[in-house]
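Overview (structure and organization)
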Amino acid sequence: ADVFSFATLAWHVLELKFPFESLSAMRYIEVVCKENWRPPLSTKWPALLRSVLKDSWDANLANRPDFTRVGFVIRGMIKQMADSDRSDIHDRSVHMIDRSNRSLHSRLRRMRSNSRGAESSMDHSNSNHFRRHRREAADESI
């Protein structure tokens, strides 16, 4: 089922549309699950990609490819694009990967600093609580 979902997500990203947007939940079950309807595959996409998406949506789970094959196809397509004369695609891809990595590192740094700030404020509130409790105990003993 995971490879089916991955293929659906890949279709969504490539087509920039929601594949089953117009279907209600009941209609989805009827059309997609029972009648095996799948979104159309664009002829603009590489034949190997169309093939792996189609195979990923096979009604028989045993006929669906594993992620090793899917990854092999995707890596092959990326390598083919990188090796082609279309260096603009490669440059844009490298730029987007760099932006994504910088964004991830930035989010991780913020998360770490926020967690440290939360820990130090917890430590501070705990020490205040401890001092107040100690004062109350001292007052009771007098």
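**Thoughts on the side chain of S56**
- Secondary-structure assignment places S56 in helix α3 (residues 47-56).
- Every residue in contact with S56, bar those within four places of it in the chain, is listed here: V3, F4, A7, R64, P65 and V70.

**As for the side chain of T8**
- Positionally, T8 belongs in helix α1 (residues 2-15).
- Polar side-chain contacts of T8 include one of 2.9 Å to the backbone oxygen of F4.
- Leave out the neighbours within four places in its chain, and T8 touches P19, F20 and W57.

**Some details on the pattern of salt bridges**
- Evaluation of the coordinates by the stated rule reveals two salt bridges.
- Between E30 and R27 there is a salt bridge whose closest N-O contact spans 2.8 Å. Of this pair, E30 and R27 both sit in helix α2 (residues 25-34), separated by three residues, roughly a single helical turn.
- By relative accessible area, R27 is classed as partly exposed at 39%.
- Among the salt bridges present, the one from R69 reaches D55, with a minimum N-O distance of 3.1 Å. Of this pair, R69 sits in helix α4 (residues 67-83) while D55 is found in helix α3, placing the two residues 14 residues apart along the sequence.
- For R69, a relative accessible area of 33% corresponds to the partly exposed category.

**Describing a positive patch on the surface**
- Among the surface-exposed residues, R107, R109, R110 and R112 lie close enough to one another that they form a single positively charged patch.
- Within the secondary structure layout, R110 lies in helix α5 (residues 87-141).

**Topic: a nonpolar patch on the surface**
- Nonpolar side chains collect at one region of the surface, where L104, L108 and M111 lie side by side and expose about 260 Å² of accessible area between them.
- Mapped onto the elements of the fold, L104 is located in helix α5.
- Overall, the relative accessible area of 36% leaves L104 in the partly exposed class.

Calculation rules
- Residues numbered from 1 in each chain as written.
- Predicted model: local features only at pLDDT ≥ 70, side-chain atom pairs only at ≥ 80, totals over all residues.
- Heavy atoms only, no water.
- Helix = DSSP H or I, 4+ residues; strand = E, 2+ residues; numbered from the N terminus.
- Contact = heavy atoms within 4.5 Å.
- Polar contact = N/O pair within 3.5 Å; in protein donor to acceptor, adjacent residues only side chain to side chain.
- Salt bridge = Lys/Arg side-chain N within 4 Å of Asp/Glu carboxyl O.
- Buried < 20%, exposed > 50% of the residue type's maximum accessible area, 1.4 Å probe, protein only.
- Patch = residues over 30% accessible without salt bridge, like charges linked within 9 Å, V, L, I, M, F, W, Y side chains within 5 Å.
- Areas by Shrake-Rupley, 256 points an atom, 1.4 Å probe, with all protein chains shown as cover.
- Lys, Arg positive; Asp, Glu negative; His and termini not counted.
- Charge placed at Lys NZ, Arg CZ, Asp CG, Glu CD.

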